[in-house]
Amino acid sequence: MNNTLQNFDSEIVRLDLSGKKHHIGNIVELGNDLIVLFNGTDYIYIPFDHILNLAIDKDNKDEISEPLESPRIISNENKNDLTLTNVLTQARGMFVEIYVTNNQPLTGYISHIMNDYFIFHSPIYKTMNIATKHLKWLIPYNNNKRPYGLSEHEFAIQPYNEPLFNSLKEQVEKMQNELVVFNLSEKLHHTGKIKNIKGLIVEIETARNVSTFLNLLHIKTIHRA
């Protein structure tokens, strides 16, 4: 895919993404499994897996300025080093905006990257487990500004000392009998107490004491209630 995208170098493009989202900007870098777009203000790191289609956007050609500085997260000399895993690794400790689900961009910082998920700390939702494959984009904050204008005292980068498991499945199993919120409470039955995990099926008990069953593959975010 990236060989084809090289033909769009210096063009203003529109990327339509899964979840009925889109971004317009200039392609500034191509990696193994993601694209870096500049929209005139921010550098947006977008995994290929979520790009539905791409087209030249002539309507906004004069509206998006050229970047004045390099991206905060860049590849090494070898372009193949620019992968989603490496971007997440370089982004640890930076204030970033990410988008996963439910029309709610999340702001905060990444502290740990595991096999198929990462730990994200949000001033709103606190500590979150994010499934990597559901990450649709990442935007580093300019000059490492703090979300919501919070001071260092109000939202500081702190060590995270809880034990972590390599896979999201193991992490969910660790939360058995805890009250949690899945997918930012995208649906009413996404909030409840984890009762059991068998294979890829997670059983949770809702507020009305009804069991509902979620497919682990479609769990995008988890945080404690």
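The model shown is predicted, which means the values in this text are computed figures rather than measured ones.

Details of the pairing of strand 9 (residues 126-131)
Logical step 1: Bridge analysis of strand 8 (residues 117-122) against strand 9 gives six bridges, and the strand direction is antiparallel. When the bridges of strand 9 are listed, His121 appears paired with Thr127.
Logical step 2: Linkage of strand 8 to strand 9, two consecutive antiparallel strands, is achieved through a turn of three residues.

So, the packing of aromatic side chains
Logical step 1: Taken as a whole, this structure holds five aromatic pairs when the rule is applied.
Logical step 2: Taking 6.4 Å as the distance between ring centres and 85° as the angle between the ring planes, the aromatic pair formed by Phe95 and Tyr109 counts as edge-to-face. Remark: Tyr109 occurs in strand 7 (residues 106-113) and Phe95 occurs in the loop between helix 2 (84-91) and strand 6 (96-99); sequence separation between them is 14 residues. Side by side, Phe95 and Tyr109 carry an identical accessibility label, which is buried.
Logical step 3: Taking 5.7 Å as the distance between ring centres and 50° as the angle between the ring planes, the aromatic pair formed by Tyr109 and Phe155 counts as tilted. Highlighted residues: Tyr109 in strand 7 and Phe155 in the loop between strand 10 (137-140) and helix 3 (168-174), separated in sequence by 46 residues. Accessibility assignment for this pair places Tyr109 and Phe155 in one class, buried.
Logical step 4: Pairwise contacts between aromatic rings join Phe95, Tyr109 and Phe155 into one cluster.

Some remarks on the pairing of strand 6
Logical step 1: Pairing between strand 6 and strand 10: four bridges, direction antiparallel. Each bridged residue has a counterpart across the sheet, and for Tyr99 the counterpart in strand 10 is Trp137.
Logical step 2: Pairing of strand 6 with strand 7, which is carried by three bridges, proceeds in the antiparallel orientation. From the neighbouring strand, Val96 faces strand 7, where its bridge partner is Gly108.
Logical step 3: The loop that links strand 6 with its antiparallel partner strand 7 comprises six residues; one of these, Asn102, has a positive phi angle of about 65°.

Points about unusual backbone geometry
Logical step 1: Positive phi outside glycine occurs at Lys126, with the angle close to 65°.
Logical step 2: Its place among the elements puts Lys126 in strand 9.
Logical step 3: Here Tyr148, not a glycine, exhibits a phi torsion of approximately 60°, which is positive.
Logical step 4: Relative to the elements of secondary structure, Tyr148 occurs in the loop between strand 10 and helix 3.

Thoughts on the side chain of Glu205
Logical step 1: Positionally, Glu205 belongs in strand 13 (residues 201-205).
Logical step 2: Buried charge without a salt bridge: Glu205, with Lys195 as the nearest opposite-charge side chain at an N-O distance of 4.1 Å.
Logical step 3: Only 3.0 Å separates the side chain of Glu205 from the side chain of Asn209, close enough to count as a polar contact.
Logical step 4: Excluding its chain neighbours within four sequence positions, the residues that come into contact with Glu205 are Thr191, Gly192, Lys193, Lys195, Val210 and Ser211.

What about the confidence of the model for the protein?
One rule of thumb: low pLDDT means the predicted coordinates there are not for detailed reading.
Logical step 1: For the protein, the average pLDDT comes to 90, and 92% of its residues sit at 70 or higher.
Logical step 2: Averaged over each element, pLDDT in the protein is lowest for helix 1 (residues 2-5) (63) and highest for strand 8 (98).

Regarding helix 2
Logical step 1: Looking only at helix 2, the buried set comprises Leu84, Val87, Leu88 and Ala91. In an axial view of helix 2, the angular spread of the buried residues amounts to 95°, which keeps them on one side of the axis.
Logical step 2: For helix 2, the elements touching its buried residues are strand 3 (34-38), strand 4 (43-47), strand 6, strand 7, strand 8 and strand 10.
Logical step 3: Where helix 2 ends, the next residue or the one after it, Gly93, has phi of about 85°, a positive value.

About the thresholds
- Residues numbered from 1 in each chain as written.
- Predicted model: local features only at pLDDT ≥ 70, side-chain atom pairs only at ≥ 80, totals over all residues.
- Heavy atoms only, no water.
- Pairing = 2+ DSSP bridges.
- Helix = DSSP H or I, 4+ residues; strand = E, 2+ residues; numbered from the N terminus.
- Phe/Tyr/Trp six-rings, centres within 6.5 Å; stacked < 30°, edge-to-face > 60°.
- Buried < 20%, exposed > 50% of the residue type's maximum accessible area, 1.4 Å probe, protein only.
- Lys, Arg positive; Asp, Glu negative; His and termini not counted.
- Salt bridge = Lys/Arg side-chain N within 4 Å of Asp/Glu carboxyl O.
- Polar contact = N/O pair within 3.5 Å; in protein donor to acceptor, adjacent residues only side chain to side chain.
- Contact = heavy atoms within 4.5 Å.
- pLDDT = per-residue confidence, 0-100.
- Arc of directions from axis to C-beta.

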